[in-house]
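As a plain string of letters, each chain reads:
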There are 2 protein chains.
Amino acid sequence: MTAPQTVDLLIEARWVIPVEPHGTVLDAHAVAVDDDRIVAILPIAEARRRFEPRERAELTEHALIPGLVNAHVHNPMALMRGLADDVPFAVWLQERIWPAEARVMGPEFVRDGIELAIAEMIRGGTTCCNENYFFPDVQAATYRRHGFRARVGLPVIEFPTAWARSRDEYFDKALAVHDDLRDDALIGTAFAPHAPYTVSDESFERIHLLSDQLDLPVHLHLHETAGEISDSLRDHGMRPFARIKQIGLVNERLIAVHMTQLTDAEIAECATRGVSIVHNVESNMKLLSGFCPAEKIRRAGVNLALGTDGCASNNDLDLFGEMRSVALVGKLIANDAAALDAASVLRAATYGSARAMGWSERIGTIEVGKQADLAAVRLDAIETQPVYNVISQLVYAAGRHQVSDVWIAGVRKLRDRVLGGFDLVELLERTRRWRDRIATA
Amino acid sequence: MTAPQTVDLLIEARWVIPVEPHGTVLDAHAVAVDDDRIVAILPIAEARRRFEPRERAELTEHALIPGLVNAHVHNPMALMRGLADDVPFAVWLQERIWPAEARVMGPEFVRDGIELAIAEMIRGGTTCCNENYFFPDVQAATYRRHGFRARVGLPVIEFPTAWARSRDEYFDKALAVHDDLRDDALIGTAFAPHAPYTVSDESFERIHLLSDQLDLPVHLHLHETAGEISDSLRDHGMRPFARIKQIGLVNERLIAVHMTQLTDAEIAECATRGVSIVHNVESNMKLLSGFCPAEKIRRAGVNLALGTDGCASNNDLDLFGEMRSVALVGKLIANDAAALDAASVLRAATYGSARAMGWSERIGTIEVGKQADLAAVRLDAIETQPVYNVISQLVYAAGRHQVSDVWIAGVRKLRDRVLGGFDLVELLERTRRWRDRIATA
């Protein structure tokens, strides 16, 4: 008999849902964590013999899942939650959001919005996000300060903003930010060209070259609305997908966000070329952007990821609510009650989103060797009893407030609902100041 | 200057949303309650001068709304939450639900399921429901014991069940239950013929006569699926709506549940004849029943109510989640981003549902003279800040766990998230015993 192995943390859970193998529920299992990594997944009884943990978490009524991954956010816009609801996309963007952004855009707005968002994400079991906004330097510093895993978007758009004035400046700044973050354990970068209708072929070509050279994902709003397609046919004589394919961007690095307009040929091409599609079902409904055929995409073998989009169009960063909407609306769209079943939706919100971000080797499932990004969901509330099928319960009944504990890279961020690393009183005061500034300007 | 008036309760809220007038948000208002009724709604400062309350609730970060009304539930099925997910309606009903029900149906199952549901409803801001199940005597006793407002359904179906063996027995028992409840302050009854495909013309005719005579609502699953329509055309030579209209049941007493299949003429007729339609959007998506054109209905002047349906097809009794789904999916179905705006959806979940149940004089809005059925929602959480539009925040961002306090007929049921009237440990143990019995039978 060998002596027990010392590890930093042993999490003993009523259920462990590793996501890989698909649909598996491990009863009364433990996850051993050392430093930032998962070192074992095994029955609790066996774990107690094999490991001597420095800290033990006993989660007797909980399901332990991989931390959720939000594959598309504009988190500074958490400060604009509910600023413009029940209006069409064009009014929303041009009359409400852009003017408000113009008034407040800058490093402080980005920092404060992201801090509010990080607090919300952690409390909701989300441990990683794919950020898409201006000031990626501030984004990175903010996520890093809170030990939150993220890819920050290196924005490219063909008009001047508070972040950069010219195409060259966008690229120069992008490369500088990327350089600064080269060896960061938690923070990565991605190119984030805004959309086909706001980015030129020339910029897309530069992005193509650089993303190949630096092995960086390209995080792009694509085929968000029908209008985007018709405008592109008018202006470029082809659909946006064809246009960026011609430039060489349709490959395994492409994170294609929205994709509400898709031909069967385009879906097949996404499958063949390893494109990931990020489904943002609540935002798409709220702004009436269209609906992404998520089940069809999934069945075609395309990697399906989930995102909430920004808080101005959702109005939350709640991936539990999003999973439920994906499963329910997915059935309506696919005309199939078995479409987007609970296990497949949970997979999309974890492994699928991680893979979209190029991080499926690192996070997205509970597997030995992966980073210990974990969330525990307490299921003994009235609202989630009785339990027949744990994965179903997570998707169809649990609320994000039932997330009790969260770890990122082995570091506890939420302990029995208490959030570490934040002065919440100060954060709320700051948030209210932004509100007054945004609402009255 | 007159002496202050003594009242039982003064609720001072950051915002009061009375629902009537539509869309109104009253800043820093108070609601004065005496016995079971609302006696005044006025600015806090003025309320402090005018009233001497026996109890004061200071809700400095809360929106006070009318208690939500769930216009269609099968609450004993709370014990079957998540028993059968991601399967088509026919498999769900015939292979999963009916066999499980056959094993457990009886007064204890009804009582225990409803107790679980009442706890869930109160914790989620719901103060009234329209029950549709067997054993209405047990239903009534259970709701009354917990001081929860409900109409219990008097079931009629053309086959024997544990409740009744013959048509005459269904009617005899229905009338006996109705008689027992005649003067109950909180509990009423409604006829609950199961559906056109399980109830004969003869029974519908008896219901027509009796509902007129006793002035009782008729709570009926109607046009739930396309299959129901085609079967009716085959068997009766007409659509179910036409069939029950011929019998005389299409009138202001009809609570038509689901209505996923509707012609423009049927919608117009519902408007003219004062029919209420109960929209159950999450259940309809989950079981792929179809989709109810809720915005079209509303614009045609039909009273729109909301329900969650039973926990086996939702899988919760969360009217906050349901409101969000109604607003989001409603935009998709109506092809209009302004459809089912937040204020209209909140109205459907309160006034609309109350009116469907024949109780719009009594509940559904915060107005002087109405019953004090109230729910307070705390909005100072990270997840619901900042606040630009209170009603929007309730529908698009708030979770039901943010409900802090609930009153029914002036009696406090939830106090700062603590639920009165329940031994939750015992309730959960009982729930788990049912689970074991249902899962393994």
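As the structure is a prediction and not an experimental result, all values here were calculated from the model.

A. Focus on the environment of Arg103(B). Relative to the helices and strands, Arg103(B) is located in helix H2 (residues 89–104). Among the residues examined, Arg103(B) registers a relative accessible area of 36% and is labelled partly exposed.

B. View of the relation of the copies chain A and chain B. Each copy superposes on the other: chain A lies on chain B with an RMSD of 0.0 Å after a rotation of 180° and an axial shift of 0.0 Å. The operation mapping one copy onto its partner corresponds to a two-fold rotation axis. When you check the interface residues of chain A against chain B, 100% turn up at the interface there too, and the contact is symmetric in its surfaces.

C. Broad picture of the sheet that holds strand S3 (residues 37–43) of chain A. Residues and elements named next belong to chain A. The 8 strands are arranged S3-S2-S1-S4-S13-S14-S15-S16 in an open sheet whose pairing can be described as mixed. What marks the edges here is a single partner per strand, and that holds for S3 and strand S16 (418–419). In this sheet, strand S2 (residues 26–34) lies alongside strand S1 (residues 5–16) in antiparallel orientation, the contact comprising 7 bridges. Residue pairing in the sheet places Leu10 in a bridge with Ala32 of S2.

D. Local environment of the sheet that holds strand S16 (residues 418–419) of chain B. Spatial strand order, S3-S2-S1-S4-S13-S14-S15-S16 (chain B): 8 strands in an open sheet with mixed pairing. Among the strands making up the open sheet, the edge pair consists of strand S3 (37–43) and S16 of chain B.

E. Structural detail: the UniProt feature "domain: Amidohydrolase-related" (unreviewed entry) in chain A. As recorded in UniProt, the sites labelled "domain: Amidohydrolase-related" (unreviewed entry) are residues 64–411 of chain A. Helix makes up 43% of residues 64–411 of chain A and strand 17%, and the two end C-alpha atoms of the span are 15 Å apart.

F. How the structure looks around the environment of Thr127(B). Residues and elements named next belong to chain B. Turning to its location among the elements, Thr127 is positioned in strand S6 (residues 126–131). Distance in space between the C-alpha atoms of Thr127 and Asn70 is 8.2 Å, their sequence separation being 57 residues. For Thr127, the residues in contact, after removing those within four places along its chain, are Gly67, Leu68, Phe148, Arg149, Asp373, Leu374, Val406, Trp407 and Ile408.

G. Quick peek at empty space enclosed by the protein. A full pass over the atoms with the stated rule returns 4 cavities of 30 Å³ or more. By volume, the largest cavity amounts to about 390 Å³. Lining the largest cavity are 32 residues, and of these Asp318(A), Gly321(A), Arg324(A), Asp318(B) and Arg324(B) lie nearest its centre. Broken down by secondary-structure element, the contributors of at least two residues to the lining of the largest cavity are helix H10 (281–286) and helix H12 (319–334) of chain A together with helix H10 (281–286) and helix H12 (319–334) of chain B. Its residues assigned to classes, the lining of the largest cavity comprises 12 nonpolar, 10 polar and 10 charged. Here the second largest cavity defines a volume of roughly 40 Å³. Lining the second largest cavity are Ile17(A), Val19(A), His22(A), Gly23(A), Thr24(A), Ala343(A), Leu346(A), Arg347(A) and Ile391(A). Of the residues that make up the lining of the second largest cavity, three or more belong to each of domain 1 (5–66 + 372–409) and domain 2 (68–356) of chain A.

H. Representation of unusual backbone geometry. In this structure, the amide linkage connecting Glu20(A) to the following residue, Pro21(A), adopts the cis form with an omega of 0°. We note that Leu288(B) has phi near 50°; this positive angle belongs to a residue other than glycine.

I. How the structure looks around the interface of chain A and chain B. At the interface, 62 residues of chain A touch 62 residues of chain B. Between chain A and chain B the total buried area reaches about 5,100 Å² when both faces are included, carbon and sulfur atoms providing 60% of it. Ranking the residues of chain A by area buried against chain B places Asp86(A), Ile382(A) and Tyr388(A) at the top, with a combined share of 16%. On the surface where chain A and chain B come into contact, there are 8 salt bridges. The salt bridge partner of Arg432(A) is Glu61(B), with a shortest N-O separation of 3.0 Å. Connecting chain A to chain B are 25 residue pairs in polar contact (both at pLDDT 80 or more). Secondary structure elements with two or more residues in the side of chain A that touches chain B: helix H3 (107–123), H10, H12, helix H14 (390–396) and helix H15 (424–440) of chain A. Counting residues per element, the side of chain A that touches chain B draws most heavily on H15(A), which supplies 9 residues. For the side of chain A that touches chain B, the residue count by class is 33 nonpolar, 11 polar and 18 charged.

J. Just the pairing of strand S4 (residues 51–66) of chain A, in detail. By the bridge criterion, 10 bridges tie S1(A) to S4(A) in an arrangement that is parallel. Bridge pairing in S4(A) places Leu10(A) opposite Arg56(A).

Conventions used here
Residues numbered from 1 in each chain as written. Chains lettered and ligands numbered in written order. Predicted model: local features only at pLDDT ≥ 70, side-chain atom pairs only at ≥ 80, totals over all residues. Heavy atoms only, no water. Helix = DSSP H or I, 4+ residues; strand = E, 2+ residues; numbered from the N terminus. Buried < 20%, exposed > 50% of the residue type's maximum accessible area, 1.4 Å probe, protein only. Least-squares fit on C-alpha atoms with pLDDT ≥ 70 in both. Contact = heavy atoms within 4.5 Å. Pairing = 2+ DSSP bridges. UniProt positions renumbered as here; feature names shortened; annotations may be inferred. 1 Å grid on protein atoms, 1.4 Å probe; cavity = no way out; pocket = protein on both sides within 12 Å on 5 of 7 lines; lining within 4 Å. Points joined across faces, edges and corners; volume = space filled by probe spheres on them. Nonpolar A, V, L, I, M, F, W, Y, C, P; charged D, E, K, R; others polar. Domains from an automatic or database assignment. Buried area = accessible area lost by both parts, 1.4 Å probe. Salt bridge = Lys/Arg side-chain N within 4 Å of Asp/Glu carboxyl O. Polar contact = N/O pair within 3.5 Å; in protein donor to acceptor, adjacent residues only side chain to side chain.

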